[in-house]
Amino acid sequence: MRNALVVGPRLYLRPTEKEDGEQITRFQAEEPETFMDRGRVPFSPLAFSAMLDEVYGERPPSDVWLTACLRETDALIGTFQLFGIDWLNRTAETGAWVHDPAYRGQGYGTEAKHLLLEYAFDHLQLHAINSYVWEPNTRSATAVLKQGYRPAGRLKWEDVKHGVLRDALQFDLLRDEWVVARDAWRASLAAREES
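Predicted model only: the values in this text are computed from it and were never measured.

Engineer: Can you lay out a nonpolar patch on the surface for me, pointing to particular residues and giving the numbers?
Structural biologist: Taken together, the side chains of W157, V160 and L165 present a nonpolar region at the surface, about 320 Å² in accessible area. The topology assignment puts L165 in strand β8 (residues 164-174). We classify L165 as partly exposed; its relative accessible area is 39%.

What follows is the structure, given as structure tokens:
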């Protein structure tokens, strides 16, 4: 494990590096999902590097980008972010993307998101987190509910795809609520290992 900040049973999170840009942009270019809000947006490793320079150059940072890697092989499978960190009120928005489709639907995203929330709540001492999910992305909406988030509203006509206005669903999560969801998730992992 290289530069691990938080470690789970199968994954660890580390700071996202400029060198990740080539692999991440390749995953984005090859994205098979059709429900993505704006489709496949061209993104280059150079643009990724410039974005990280901007993110990492701000003090204190308003965004934190972490990369989810497999413990066994260090293979990059996704990126997980904290956006718009309000250090005074201790809040932020989360973002998550399992880039490699081979690792979707197997609990890797849930594990990585729990690690991100552990980093946010236990390491950065944040108090409240929110998440926005584009309405057609039902997989993400289901995932955030499993991670302890609660529905908090709907932003009407947030974006357009194929000439159709779509909503964004808003979810929020307090640290105490996450602790309950985290403990339930850990108990389910332990029960799986026993059977």
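Further notes follow.
Engineer: With reference to specific residues and values, describe the pattern of salt bridges.
Structural biologist: In this structure the tally under the stated criterion is 13 salt bridges. Linking R14 and E17 is a salt bridge whose minimum nitrogen-to-oxygen distance equals 3.7 Å. In terms of burial, R14 and E17 fall into one category: buried. Linking R14 and D20 is a salt bridge whose minimum nitrogen-to-oxygen distance equals 2.8 Å.

Engineer: Quick one: what's the story with the packing of aromatic side chains, residue by residue and with numbers?
Structural biologist: Considering all chains together, one arrives at 4 aromatic pairs under this definition. A ring pair is formed by Y103 and Y108, whose centres lie 5.1 Å apart and whose planes are at 85°; its orientation type is edge-to-face. Note on Y108: relative accessible area 12%, which makes it buried. Taken together through their ring pairs, the aromatic side chains of F48, W65 and F83 make up a single cluster. Lying across the ring of W178, R182 places its NZ or CZ 4.9 Å from the centre.

Engineer: Describe the nonpolar core, naming the residues involved and giving the relevant values.
Structural biologist: L13, L82 and I129 are the most contacted members of the largest nonpolar core, which has 32 residues in total. With 8 residues, the top contributor of residues to this core is helix α3 (residues 108-123). Excluding its chain neighbours within four sequence positions, the residues that come into contact with I129 are L82, A92, T94, L117, A120, F121, Y149, F171, D172 and L173. F48, L52, V55 and W65 belong to the second largest nonpolar core, which has 7 residues in total.

Engineer: So, the pairing of strand β5 (residues 91-98): which residues are in play, and what are the values?
Structural biologist: Pairing of strand β4 (residues 76-86) with β5, which is carried by 7 bridges, proceeds in the antiparallel orientation. Across the sheet, D86 pairs through a bridge with T91, a residue of β5. The turn linking β4 back onto β5 is made up of 4 residues, and R90 within it adopts a positive phi angle of 60°. For β5 and strand β6 (residues 128-134), the ladder comprises 3 bridges, and the chain directions are parallel. Bridging across to β6, E93 finds its partner in N130. The parallel pair β5 and β6 is bridged by α3, and the resulting crossover is right-handed.

Reading the values: the criteria
- Residues numbered from 1 in each chain as written.
- Predicted model: local features only at pLDDT ≥ 70, side-chain atom pairs only at ≥ 80, totals over all residues.
- Heavy atoms only, no water.
- Patch = residues over 30% accessible without salt bridge, like charges linked within 9 Å, V, L, I, M, F, W, Y side chains within 5 Å.
- Areas by Shrake-Rupley, 256 points an atom, 1.4 Å probe, with all protein chains shown as cover.
- Salt bridge = Lys/Arg side-chain N within 4 Å of Asp/Glu carboxyl O.
- Helix = DSSP H or I, 4+ residues; strand = E, 2+ residues; numbered from the N terminus.
- Buried < 20%, exposed > 50% of the residue type's maximum accessible area, 1.4 Å probe, protein only.
- Phe/Tyr/Trp six-rings, centres within 6.5 Å; stacked < 30°, edge-to-face > 60°.
- Lys NZ or Arg CZ within 6 Å of the ring centre and 35° of its normal.
- Core = buried A, V, L, I, M, F, W, Y, C linked by side-chain atoms within 4.5 Å.
- Contact = heavy atoms within 4.5 Å.
- Pairing = 2+ DSSP bridges.
- Right-handed = clockwise from strand over helix to strand, strands pointing away.

Keep in mind that these numbers describe shape and distance, not what the molecule does.
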